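An overview of the molecular structure
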Amino acid sequence: MTPGLDHTLGIVALGAAVLGATGGMLGSFAVLRRQSLLGDVLAHAALPGLCLGWLVAGRSVVPLMTGALLAGGLAALSVLAVGRFTRLKPDAALGIVLSVFFAAGVVMLSHVQAVGGAGAAGLSAFLFGQAAAMLQADLVAMAVVGGGAAVLVALFWKEIAAVCFDAPYARALGLPVGAIEALLTLLMAMAIVVGLQMVGVVLMTAMLIAPAVAARVWVSRLAPMVGLAAVFGVVAGVGGAVLSAGARGLATGPVVVLIATGIATVSLLLAPGRGVVWRLVRNRRLAARLEGLRVLDTLRAVAQAHGDPDYPAQTGMIAAAHGLPVDRQLRQLQAEGLVAAVCHPPEAAQHWVLTPEGRARLAMVGEKA
Amino acid sequence: MTGTDLHEPHFALHVEDLTVAYRHAPVLWDIDLDVPPGVMCAVVGPNGAGKSTLLKAALGLVPPVAGHVRFFGLPYAKARQRVGYVPQRSTVDWDFPATALDVVLMGLYGRLGWFRRPGKAERAQALAALEAVAMADFAARPIADLSGGQQQRVFIARALVQQADLYILDEPMAGVDAVTEAAIVALLKGLRDSGRTVIVVHHDLQTVQRYFDWLVMLNIRVIAQGPVSEVYTPENLRRAFGGRVALIGGEA
């Protein structure tokens, strides 16, 4: 690799790390407040702002970021206004504002490109991101915005936590809930601005949601969740940057998003306690235990029918009374010490009796009247 | 009268001319209400009577169309530290990543001030509040793993840690088991016996006489208010609930 390529990879990887950390940290609050979709709205709404910034100052990072922030703020206010002055449900309000802003952005984009000539071609990179076009100035701006967001979160941590968990109570305590909610929306817009160059307006919301969702299933307190989400974001960002640098024709932004969502998928499947696989295993164990209990109950019924609680019942007789094959359950119950295998001469077939432990287990569910 | 003057200071809660409307439909109409200090007061009424809204309006969470509210003679903004609020359990997402202790500590956030984190003293207070609701063993437990009754106790502990003079609880006995209900009632009676005032939105008419000594009957308007022995009458119940309710527990 040439030094130039190394330099680019360094900038891209650092930028991806900043993006991942910022997205993961701030996405946690969006996910906990059930406002993930607002992130999508702010991201799509950034496009007309970017076009305006371009028209004013060309390819210069500060005007572009400012334009995106302002457009995001306008979109957030629009969502509030639609919610207040119409009877639309929140999801419809979000969908409409997203579409209107994004449509306006695409119209402006095509117009700017038509009149702006070749120089304006770079603007369309903001749709899906173009990491390779990142400059050092972009990285510095991203780091400043991301760092600023981290400082704000640290300063207002307890107010943010209280508002995310129980906003009406926080208001009753006298906390300025409206201002904190506005701050959280601003922070979300900042996270999006950080990601525009890298993953673009269309995919940015994944960088808010995926690391936060992944982190939530592994930990059960707020600070570890926010920290772990940031770590997941960094892993996805740097991993995506390195992967796409090593292979030809892989767009960095989408690869980063795929890694982040991959982490989320694996987490949702495997996390202890909350993961899908873990719950499946637990449910299967519970079901097996329940089935064993029912076989135990049948054995008791058979013994009672013979007027002898210690009556040795043959496997086939238990199965007939139970209505289902019982061999596997009996062996499992034997392993747990709840039934014992006995001989019942002169018969050669296997017979079974309840052990005291088995009777105790049955006592937990009582007896059929 | 200026805002700092005490107005009706001899009542723990004083509500005058309070009217609240959602989209032009009145939810509370011209409420005049006084709760003296040191009582355990139930607010009862049919569904849609405005019970929760009354609490929220008193706490400034719902804007009133008209009227005013005083706590110990002060507007709520000046009496916050003296009032502990326990919202309905179902209003929050219990899947939030926090331990029981984390939630109780939030009760101190209003007092801590900007940029200050809860420290050792605050943690000790929060633990004591959990102790008071018999949840100290669950302090480090994620709230998502708690049962409904345990979650309710954590919510009460979050208000207790404020060391308030007046506690306002919205349906604390909804959806909890009998053991938890008994524990909550014993705790609230203990608060009252130590001179605090307790106001509870309550849904179970059968237990009103056993649990409470003061009663407000509400149905958009105040139907009746006063000591339970005077207010809990067939006539008042009929006026509050319509013909649908049979008086349980005999004559008051």
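Not measured: the values here are computed from a predicted model.

Each regular strand displays side chains that alternate between the two surfaces of the sheet. All names here are of chain B. Taking burial as the measure, the 5 residues of strand E6 (residues 166-170) include 5 buried ones, the bulk of the element. Going residue by residue along E6, you find Leu166, Ile168 and Asp170 tucked away on one face and Tyr167 and Leu169 tucked away on the opposite face as well. Both strand E5 (residues 83-86) and E6 contribute to a ladder of 4 bridges, which runs parallel. In the strand pairing of E6, Val83 is matched with Leu166.

Further remarks concern the nonpolar core. Judged by nonpolar contacts, the single largest core of 191 residues is most densely connected at Phe29 of chain A together with Phe71 and Leu130 of chain B. With 24 residues, helix H8 (residues 177-218) of chain A is the single largest residue contributor to this core. Aside from chain neighbours lying at most four places away, what touches Leu130 of chain B is Ala100, Leu101, Val104, Met135, Ala136, Ala139, Val154 and Ala157 of chain B.

Before going further, it helps to examine the interface of chain A and chain B. On the chain B side, the residues contacting the 28 residues of chain A number 32 residues. Both faces combined, the contact of chain A with chain B buries some 2,800 Å², and carbon together with sulfur accounts for 62% of it. Per-residue buried area on chain A facing chain B is highest for Lys158, Phe165 and Tyr169 of chain A; these three make up 31% of the total on that side. Here chain A is connected to chain B by 5 salt bridges.

With that settled, consider the domain arrangement of chain A. What the domain assignment reports for chain A is domain 1 (3-271) and domain 2 (278-368). Relative to domain 2 of chain A, the C-alpha centre of domain 1 of chain A lies at a distance of 59 Å.

Here we come to the packing of aromatic side chains. Counting across every chain of the model gives 9 aromatic pairs over all chains. A network of ring pairs unites the aromatic residues Phe165 of chain A together with Trp94, Phe96 and Phe155 of chain B as a single cluster. In this arrangement the basic side chain of Arg158 of chain B is found over the ring face of Phe155 of chain B, its NZ or CZ atom lying 4.3 Å from the centre.

The next subject is a nonpolar patch on the surface. Residue and element names in this part refer to chain A. Taken together, the side chains of Trp218, Val266, Leu269, Leu270, Val276, Val277, Leu280 and Val281 present a nonpolar region at the surface, about 670 Å² in accessible area. Every element with two or more residues in the nonpolar patch is listed here: helix H10 (252-270) and helix H11 (276-305). If one sorts the elements of the nonpolar patch by residue count, H11 sits on top with 4 residues. Within the secondary structure, Leu269 is located in helix H10.

All names here are of chain B. With 5 of 5 residues buried, strand E3 (residues 40-44) is to be regarded as a mostly interior element. Residues of E3 alternate between two faces, with Met40, Ala42 and Val44 on one and Cys41 and Val43 on the opposite face, all of them buried. By the bridge criterion, 4 bridges tie E3 to strand E7 (residues 197-201) in an arrangement that is parallel. Residue pairing for E7: Met40 is matched across the bridge by Val198.

About the cut-offs
- Counting starts from 1 at the beginning of each chain's written sequence and moves along it residue by residue.
- Lettering of chains starts at A and numbering of ligands starts at 1, both following the order in which they are written.
- Totals for whole chains, interfaces and linings use every residue, but because this is a predicted model, local features are given only for residues with pLDDT of at least 70 and side-chain atom pairs only at 80 or more, for both listing and counting.
- For side-chain calculations, the full set of non-hydrogen atoms in the structure is used, while hydrogens and water are omitted.
- Residue exposure (1.4 Å probe, protein chains only): buried if accessible area is under 20% of the type maximum, exposed if over 50%, otherwise partly exposed.
- A helix here means a DSSP run of H or I that spans at least four residues, while a strand means a run of E at least two residues long, and both kinds are numbered starting from the N terminus.
- For two strands to count as paired, DSSP must find a minimum of two bridges between them.
- Note on terminology: a nonpolar core comprises buried Ala, Val, Leu, Ile, Met, Phe, Trp, Tyr and Cys residues joined through side-chain atoms within 4.5 Å.
- Whether two residues are in contact is decided by their heavy atoms, any of which lying within 4.5 Å being enough.
- Here the quantity called buried area is the total loss of accessible area, with a 1.4 Å probe, experienced by two parts when brought into contact, counted for both.
- Criterion for a salt bridge: a side-chain nitrogen of Lys or Arg within 4 Å of a carboxyl oxygen of Asp or Glu.
- The start and end points of each domain follow an automatic or database-based domain assignment.
- Any Phe, Tyr or Trp ring, taking Trp's six-membered ring, that has another such ring centre within 6.5 Å forms a pair; planes under 30 degrees apart are called stacked, those over 60 apart edge-to-face, and the others tilted.
- For a Lys NZ or an Arg CZ to count as sitting over a ring, it must be within 6 Å of the ring centre and within 35 degrees of the ring normal.
- Grouping into patches uses exposed residues only, defined as over 30% relative accessible area, and leaves out salt-bridged ones; the cut-off is 9 Å for like charges and 5 Å for nonpolar side chains (Val, Leu, Ile, Met, Phe, Trp, Tyr).
- Every accessible area reported is derived by Shrake-Rupley at a probe size of 1.4 Å, with residue values counting cover from the shown protein chains alone.

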